[in-house]
Amino acid sequence: MNPQDPLANLHPLREPMSIGWWPLAPGWLLLALTLLLLLLVGTYLLWQRYRRNAYRRMAQQQLSQIESLYEQDGDSISAASQLNALLKSTALRCYPRQDIAALSGERWREFLNETAGKNSTPLFHQDFEQLVYRAHCDADEIEKLLTASRSWIARHGAHT
């Protein structure tokens, strides 16, 4: 007598259903929400910085216009005067008016050099004070003034 094989009567093994990725476990959900919050805060801060520095972009555009006008007509006195006015208007947009409006001459030059950014050498030299009042300026002096103005507008320490 041959007993029947008891294993032959068994059904095949069924595998359990695979675990889906949704819904997320609470830890993953918290991580996703934290990353989303950080992304939103970072975007907001970058947008605020972009808006705060709008005056810099406008000043750089005006500086480019002054430079192109100087290259066309070669009027160095007018260019020096316009650059000084541009620097003053830019400073008035980001520093207290009572500190800036009355500055002129040596105190104005010192202010520009002090606010030119960290670890910077003086951008504006002593001849900057009399540059506007001269009858004629060398092209080299205007080029130095253009470079110094461009650097000050980009790096001054008001809004970073």
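Residues numbered from 1 in each chain as written. Predicted model: local features only at pLDDT ≥ 70, side-chain atom pairs only at ≥ 80, totals over all residues. Heavy atoms only, no water.

**Looking at the pattern of salt bridges**
So, step 1. Throughout the structure, instances matching the rule amount to two salt bridges.
So, step 2. Note that K144 and D140 form a salt bridge whose closest N and O atoms lie 3.7 Å from each other. With a gap of four residues between them, K144 and D140 both fall in helix α7 (residues 139-155), about one helical turn apart.
So, step 3. Owing to a relative accessible area of 51%, K144 belongs among the exposed residues under this scheme. (Salt bridge = Lys/Arg side-chain N within 4 Å of Asp/Glu carboxyl O. Helix = DSSP H or I, 4+ residues; strand = E, 2+ residues; numbered from the N terminus. Buried < 20%, exposed > 50% of the residue type's maximum accessible area, 1.4 Å probe, protein only.)

**Re helix α2 (residues 54-73)**
Helical periodicity: at 3.6 residues per turn, an α-helix aligns residues three or four positions apart in one direction.
So, step 1. Here α2 contains 20 residues, and its C-alpha end-to-end distance of 29 Å stays within 8% of the 28 Å for a straight helix at 1.5 Å per residue.
So, step 2. The set of residues buried in α2 consists of Y55, R56, A59, L63, I66, E67 and Y70. Looking straight down α2, one finds its buried side chains confined to an arc of 115°; they lie on one side. Away from its buried face, by an angle of more than 90 degrees, α2 presents the exposed residues Q61, Q65, E71 and Q72. (Expected span 1.5 Å × (residues − 1). Arc of directions from axis to C-beta.)

**Overview of the nonpolar core**
So, step 1. Grouped together as the largest cluster of nonpolar side chains are 30 residues, with contacts concentrated most on L87, W108, F111, L112, F124 and W152.
So, step 2. Secondary structure elements with two or more residues in this core: α2, α3 (76-94), α5 (105-114), α6 (128-131) and α7.
So, step 3. Top element by residues in this core is α3. It accounts for seven residues.
So, step 4. Those residues within four positions of L87 in sequence are excluded, and the remaining contacts are W108, L112, F124, F128, S149, W152 and I153. (Core = buried A, V, L, I, M, F, W, Y, C linked by side-chain atoms within 4.5 Å. Contact = heavy atoms within 4.5 Å.)

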